[in-house]
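Spelled out from the first residue to the last, the chains are:
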Amino acid sequence: MKIVVCIKQVPDAAEVRINPQTNTLIRDGVPSIINPYDLHAIEAALAIKEMEDASVTVLTMGPPQAETALRDAVAMGADEAVLLTDRVFAGSDTWATACALSAAIKKIGYDLIICGKQAIDGDTAQVGPAIAEFLNIPHVAYVSKLVSLNNDNITVSRLMDDGYDVVEVSLPALITVVRELNQPRMPSLKGKMRAKKLEIKKLNHTDIGVSPGDVGVDGSPTQVRNIFAPEIKKNRMMLQGTPEHQVEELVGALKSIRCM
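The following paragraphs examine the structure supplied in this document. (Residues numbered from 1 in each chain as written. Predicted model: local features only at pLDDT ≥ 70, side-chain atom pairs only at ≥ 80, totals over all residues. Heavy atoms only, no water.)

Right, let's talk about the packing of aromatic side chains for a bit. Tallied over the full model, the rule gives one aromatic pair. Seen in terms of ring centroids, W95 and F134 are 5.2 Å apart; in terms of plane orientation they differ by 70°. Their pairing is edge-to-face. Residue W95 is located in helix α3 (residues 94-108), and its partner F134 is located in helix α4 (residues 127-135); the two are separated by 39 residues in the primary sequence. Under the relative-accessibility criterion, F134 is labelled partly exposed at 29%. If you follow R179 out to its NZ or CZ, it ends over the ring of Y37, 4.5 Å from the centre. (Phe/Tyr/Trp six-rings, centres within 6.5 Å; stacked < 30°, edge-to-face > 60°. Helix = DSSP H or I, 4+ residues; strand = E, 2+ residues; numbered from the N terminus. Buried < 20%, exposed > 50% of the residue type's maximum accessible area, 1.4 Å probe, protein only. Lys NZ or Arg CZ within 6 Å of the ring centre and 35° of its normal.)

Listed below in C-alpha cells is the structure:
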C-alpha cells in the first residue's frame, strides 16, 4: 500500500503578527513549523505502516525552505519526501494548490492520501477535499478514528457536530484527520540522521504536467484582499441572576442597541 501525506509548512501561530500598514502577515523572523494537524496525518500514516505492508511519502508545496518540514516528517518515520516548488505556484489559492498537489500525487502514485483537517494559517479546510475532487476519488473529512483497513476499503469514524459517523469507502481514497485521532510521535535520533542524508525529490510545474495558467495567481479564482486583526471592544457587560433574569436583561440590552 502506498500512502501519501500532504503537509504544509506554516508560521508558528504563537509568533504571528500583522503589519498595520499593509494588513499582511509578517513572516520575516517568524519561525516555521509543520502545520499541527498535519502531524496527526503523519502519525496516522506511520501507524498504518507499522501494521500493514505500506510505504509513506510526504508531499508539500512551497518555497525551497519548506524542505525543512519534509525532513522533520522523515525524522518521524516517513520513507520518502517530495517538494513541489516553482515560482509559478506563488499566490495559489486553495483551488490552485489542490490542482498542483493532485497532479503531483498522480505522478507519485497512491492508494491512500492523508491530510490534516486544515492549515492554521488559512483555516479553510478546503485543500484536502479539493484534492480528492481533482482525483475523482472518495474522501472523508474530520476522521477521529481508523476502524479498519485492507487493500480494498478503509473504515473510519468521523467527528460530527452531534456525535460520530462510521463510514466505509473504497480505495483509493483521501481522508482528513483531527487532533483526537492520535498523539504524534517525536522524531528519533536514527530518524534525524536518516532525514539529514535523504535526498528530497523536487518537482516543478513541468514535471507534474500543469500549465502556469492553472496555478499561482492566474489559476486562483479567489484572492485575499485584506487581512486584519479584530478590533478589541471593551464595552462588555456581565449578566447576573437566574437564567430567566439574564434573558430579560439581554433582550433589553439588545433593544437599546437597536434603538441607537
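On to the layout of surface pockets. Over the atoms rolls a probe the size of a water molecule, and its path tells where empty space is left. In this structure, the second largest pocket occupies an estimated 150 Å³ of space. Lining the second largest pocket are E43, A44, A47, I48, M51, L146, V147, S148, L149, L181 and N182. Each residue belonging to the lining of the second largest pocket can be placed in one class, and the counts come to eight nonpolar, two polar and one charged. (1 Å grid on protein atoms, 1.4 Å probe; cavity = no way out; pocket = protein on both sides within 12 Å on 5 of 7 lines; lining within 4 Å. Points joined across faces, edges and corners; volume = space filled by probe spheres on them. Nonpolar A, V, L, I, M, F, W, Y, C, P; charged D, E, K, R; others polar.)

The subject of this paragraph is the nonpolar core. With 40 residues, the main nonpolar core has I3, V5, I42, I114 and I154 as its most contacted residues. Excluding its chain neighbours within four sequence positions, the residues that come into contact with I114 are I3, V4, V5, C6, A41, A44, A45, I48, I175 and V177. (Core = buried A, V, L, I, M, F, W, Y, C linked by side-chain atoms within 4.5 Å. Contact = heavy atoms within 4.5 Å.)

When you line up the elements, D53 lands in the loop between α1 (36-51) and β6 (55-61). Along the primary structure D53 and M237 are separated by 184 residues, whereas in three dimensions their C-alpha atoms are 59 Å apart.

For the structure on display, the rule yields seven salt bridges. Between K49 and D79 there is a salt bridge; the shortest N-O distance is 2.8 Å. Of the two residues, K49 is situated in helix α1 and D79 in the loop between α2 (67-76) and β7 (80-84); the sequence distance between them amounts to 30 residues. Classification of D79 by relative accessible area gives partly exposed; the value is 21%. A salt bridge links R71 to E67; its shortest N-O distance comes to 2.8 Å. Pair noted here: R71 and E67 are both in helix α2, with a separation of four residues, about one helical turn. Because the salt bridges share partners, they merge into one network encompassing E43, E50 and R185. (Salt bridge = Lys/Arg side-chain N within 4 Å of Asp/Glu carboxyl O.)

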